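These are the residues of each chain, in order.
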Amino acid sequence: MKFLVCISKAPDTTSKIDFTDNATKFNEAGIQYIINPYDEWYALVRALELKESSGGEVTIITVGPQADEPVMRKALAIGADKAVRINAEATDSGFVANQIADYAAKENFDIVLCGKETINYNSSQVPAMIAAHLDYPLISLATKLDINGSTATLQRDGAGGEETVEVQTPFVLSAAKGMAEQRIPNMKGIMAARTKPLEVIEPTGSDVHTQVVSYEMPSGKAECKYLEPDQMDQLVELLHTEAKVI
Amino acid sequence: MKALVFADSKDGSIVKSSFEAISYASKFASEVTVVTYAGVSDDQLSALGAYGAQKVIKASSLSDNDSQALTSLVCSVAQSEGSEAVVFSQDFTGKAVAGRVAVKLNAGLVSGAIDYPDTSSGFTVKKMAFSGKAFAHVKITSPIKVVSVLPNALGAENKGGSASVTEFSGQIEGSKVKITQSAQASSGGAAPLPEAELVVSAGRGLKGPENWGIVEDLANALGATTACSRPVADIGWRPHHEHVGQTGVAIRPNLYIAAGISGAIQHLAGVNGSKVIVVINTDPEAPFFKAADYGIVGDAFDVLPKLTEAVKKFKAS
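The written sequence of each chain sets the order in which its residues are numbered from 1. All chains are assigned letters beginning at A, and all ligands numbers beginning at 1, according to the order in which they are written. For this predicted model, a pLDDT threshold of at least 70 governs which residues receive local features, and a threshold of 80 or more governs which side-chain atom pairs are given and counted, while totals over whole chains, interfaces and linings are taken from all residues. Hydrogens and water molecules were not included; the side-chain quantities draw on all heavy atoms of the structure.

**Q** Explain the overall build of chain B here, please?
**A** Segments assigned H or I by DSSP are reported as helices when at least four residues long, segments assigned E as strands when at least two residues long, and all are numbered from the N terminus. Along the backbone of chain B there are eight helices and 17 strands. Expressed as lengths along the three principal axes of its C-alpha atoms, the size of chain B is roughly 60 × 40 × 40 Å. Taking all 317 residues of chain B together, the buried fraction comes to 60%. Sequence-distant contacts in chain B: of pairs separated by 6 or more residues, those separated by 24 or more amount to 64%. This count recognises Lys and Arg as positive and Asp and Glu as negative, with His and chain-terminal groups excluded. Note on charges: their place is set at NZ of Lys, CZ of Arg, CG of Asp or CD of Glu. The averaged location of the 29 negative side-chain charges in chain B is 5 Å from the averaged location of its 28 positive side-chain charges. Remark: exposure states derive from per-residue accessible area (1.4 Å probe, protein chains only) relative to the maximum for the residue type, with buried under 20%, exposed over 50%, and partly exposed in between. The contact definition used throughout considers only heavy atoms, calling two residues in contact when any of these lie within 4.5 Å.

This is the structure:
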């Protein structure tokens, strides 16, 4: 089975976020990049587990500049077989999805796995967009994936609760918490990653339909009002009359 | 501008986040059409006029929420209606369908909008970025705009009125996904976390899963949904779907009560969209107090039952 895992870089979750150039650019000074946690912990690790149990090949793909390669090497160290980088800035989810779909269409992957969202833009749209380009079914917010031949059984979160679904390959999924557990790469993996293939492909022409005009920081909170444990009647009163939330 | 809104339903009723999406569209569009599916009564659909819809188109024959089937429905209606904007709620279904529709309509998409579009120079939408640590203003440059609205961000305005209801007559692509089992959400009668208005959350300060009764008592008294911090979900005290924070569910309820959670930056990122935050912690130096509106320095085992009693007294009065 051929797996394609889409990965994106993201600022380390402890990063303090800040902007430059009149709040139009993300300030990368001092930022440590990691693999977007949903892509790494859930999508990548589950693909590796399935490859280990039933055979196959795991390719990772990212849309980004050369500076993203250390993050890609980490995915190879965790166990992916090869990497593909589309040499372009990932500025618009439609553009990113189009690039990934163009590559995937040529390679006949059985399962395309994405994290459910990135922690920088939280849009949760690239998986649906890739599925649209390829005309594949999409299982979004999947928490479990098992395969038996060309039939996959998944669990997903939905408005009514958890659903179990069956789908034939090929398909696209977005992975949520529960699908797998984080893996720490070992020394052997890190050494092997250095020589694994990392192919660089130039982007295919594609329209960009959105652009970030500016960023904004949340306004600071007013001072916290402290109450004593014995003043819970007052707290309820404040929540009702002052905050008006109950 | 002509807008089309996708409305989702659950157990035969249109969901609250769809009222918000319709209300959102009516703020910038002169004509609002709603497209929906499955068995919702015509009376309920007509009542969507109260939120600003003029027309509702329903596909009664379509019963499941597969993204391919819904995409073909929404695109077909968008084309026949000449829609210039398509609005979704950024809920479970919206996350699966909005991106698909944007691709098929060759349109730009902003997902997770938290304010109405600024149309003074083009069409610019404000959304959360960096998991709630910042906001981004994103301009859509394509002729057709697709927007998905974050649940509970803007509310729904009921202005009264009714909409016409017609049956969809086109073709819908078949679903390739077979649902073999559906389990009801375990949040009981409470709203699912992303849509909840009131949330009671607890962390390691509760010392063990056997102590969650006092958290549930407060949630029940308020009619709130329960949540937890990441360590608590990771060690299995609480189910993963209750984990709120940067790598869990991001929420923006009206009221967030956090007991025994110190307030690490990753947790704050997932909850700082909350309108009002109440923090209960034994440590006066807990970073969460800096993000709180109301703080109680005290033991959750002492404070939570007292707060529950106070809420019950308030509700009874």
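The rest of the description comes next.
**Q** Explain the overall build of chain A here, please?
**A** When its secondary structure is counted, chain A shows six helices and 15 strands. Overall, the C-alpha framework of chain A stretches about 65 × 45 × 40 Å when taken along its three principal axes. Looking at the 246 residues of chain A, the share that counts as buried comes to 52%. In short, Shrake-Rupley with a 1.4 Å probe defines the accessible areas, and a residue's cover is counted only from the protein chains shown. Summed over its atoms, the accessible surface of chain A is roughly 10,500 Å², and 48% of this surface lies on carbon and sulfur atoms. Each charge class in chain A can be summarised by its mean position, and for the 22 positive and 35 negative side chains these summaries are 6 Å apart.

**Q** Would you mind going over the interface of chain B and chain A with me for this structure?
**A** A common way to state how big an interface is: give the accessible area lost once the parts meet. Across the contact, 86 residues belong to chain B and 79 residues belong to chain A. Two parts placed together each lose some accessible area; with a 1.4 Å probe, that loss summed over both constitutes the buried area. Interface area for chain B against chain A, summed over the two sides, is near 7,000 Å², with a carbon-plus-sulfur share of 57%. Contact with chain A buries area across many residues of chain B, yet F92, F130 and Y294 of chain B alone supply 11% of it, more than any other trio. Between Lys or Arg on one side and Asp or Glu on the other, a salt bridge is scored when a side-chain nitrogen of the former is within 4 Å of a carboxyl oxygen of the latter. In this structure, the connection of chain B to chain A is made through six salt bridges. It is helix α4 (residues 92–104) of chain B that contributes the most residues to the side of chain B that touches chain A, ten residues altogether.

**Q** Just to check I follow, could you spell out the packing of aromatic side chains for this structure?
**A** In this description, a pair of aromatic rings is defined by centroid distance and the angle of the planes. Pairs were defined over the aromatic rings of Phe, Tyr and Trp, the Trp ring being its six-membered one, requiring ring centres within 6.5 Å. Orientation was assigned from the angle between planes: stacked under 30 degrees, edge-to-face over 60, tilted for the rest. According to the stated counting rule, one finds 18 aromatic pairs over all chains in the structure shown. Here Y103 of chain A and F109 of chain A contribute two aromatic rings whose centre-to-centre distance is 6.0 Å and whose plane-to-plane angle is 35 degrees, an arrangement assigned as tilted. On the numbers, 5.9 Å between centres and 80 degrees between planes, the contact of Y24 of chain B with F28 of chain B is edge-to-face. One end of the pair, Y24 of chain B, and the other, F28 of chain B, are both in helix α1 (residues 16–28), four residues apart, so they sit about a helical turn from each other. Like Y24 of chain B, the residue F28 of chain B is buried in the burial classification. Three or more aromatic residues link up through ring pairs in this structure, and these residues are F19, F26, Y121 and Y215 of chain A together with F130 of chain B. Here, a charge over a ring is recorded when the distance from Lys NZ or Arg CZ to the ring centre is within 6 Å and its angle to the ring normal is within 35 degrees. One residue, K2 of chain A, lies across the ring of F109 of chain A, its end atom 5.1 Å from the ring centre. Stacked on the ring of F135 of chain B, the Lys or Arg K126 of chain B has its end atom at 4.5 Å from the ring centre.

**Q** Please explain helix α1 (residues 37–54) of chain A as it appears in this structure.
**A** Each α-helix turn comprises 3.6 residues. Residues three or four places apart therefore point the same way. Residue and element names in this part refer to chain A. Relative to the 26 Å expected for 18 residues at 1.5 Å per residue, α1 spans 25 Å between its end C-alpha atoms, a close match to the ideal helical length. Bending is quantified residue by residue as the angle between axes fitted to the seven-residue window ending at that residue and the seven-residue window starting at it. Maximum bend of α1: about 25 degrees, positioned at V45. Counting buried residues in α1 gives 13 out of 18 residues, a clear majority hidden from the surface. Downstream of α1 by one or two residues, G55 has phi in the positive range, about 85 degrees. Expected span of a helix: the number of residues minus one, times 1.5 Å.

**Q** Mind showing me how you'd approach unusual backbone geometry here?
**A** Excluding glycine, a negative phi dihedral is what most residues carry, and trans is how most peptide bonds are arranged. Of the consecutive residues T169 of chain A and P170 of chain A, the connecting peptide bond is found in the cis state with omega at 0 degrees. Here P170 of chain A is to be found in the loop between β11 (161–168) and β12 (171–175). Phi is positive for S131 of chain B, close to 50 degrees, though the residue is something other than glycine. Looking at the element boundaries, S131 of chain B is found in the loop between β8 (124–129) and β9 (134–140).

**Q** I keep staring at a nonpolar patch on the surface and nothing clicks. Help me out?
**A** Residues and elements named next belong to chain A. Taken together, the side chains of M187, I190 and M191 present a nonpolar region at the surface, about 290 Å² in accessible area. Within the fold, M191 resides in helix α5 (residues 187–193). Using a relative accessible area of 43% as the deciding quantity, one classes M191 as partly exposed. What goes into a patch is any residue over 30% in relative accessible area without a salt bridge, connected to like charges within 9 Å or, for nonpolar side chains (Val, Leu, Ile, Met, Phe, Trp, Tyr), within 5 Å.

**Q** Whenever I open this one, the sheet that holds β11 of chain A confuses me. Can you help?
**A** One key point about sheets: their strands pair by backbone hydrogen bonds, in either a parallel or an antiparallel sense. Should DSSP find at least two bridges between two strands, the strands are taken to pair. In space, the ten strands of this open sheet follow the order β13(A)-β7(A)-β6(A)-β1(A)-β8(A)-β12(A)-β9(A)-β10(A)-β11(A)-β12(B), with mixed pairing throughout. Each of the sheet's edge strands pairs with one partner strand only, and the pair in question is β13 (198–201) of chain A together with β12 (178–182) of chain B. Going from strand to strand, the sheet's axes swing by 30 degrees on average, the running direction of each strand aside. Here strand β9 (residues 138–148) of chain A runs beside β12 of chain A; their pairing, made up of three bridges, is parallel. Within β12 of chain A, the position partnered with A142 of chain A by the bridge is A175 of chain A. Under this scheme, a helix contributes an axis fitted over its contacting stretch, all axes are lines through C-alpha atoms, and angles between N-to-C directions fall in the 0 to 180 degree range. Across the sheet, helix α4 (residues 126–134) of chain A touches β1 (2–6), β8 (111–115), β9 and β12 of chain A, and the angle it forms with β8 of chain A is around 160 degrees.

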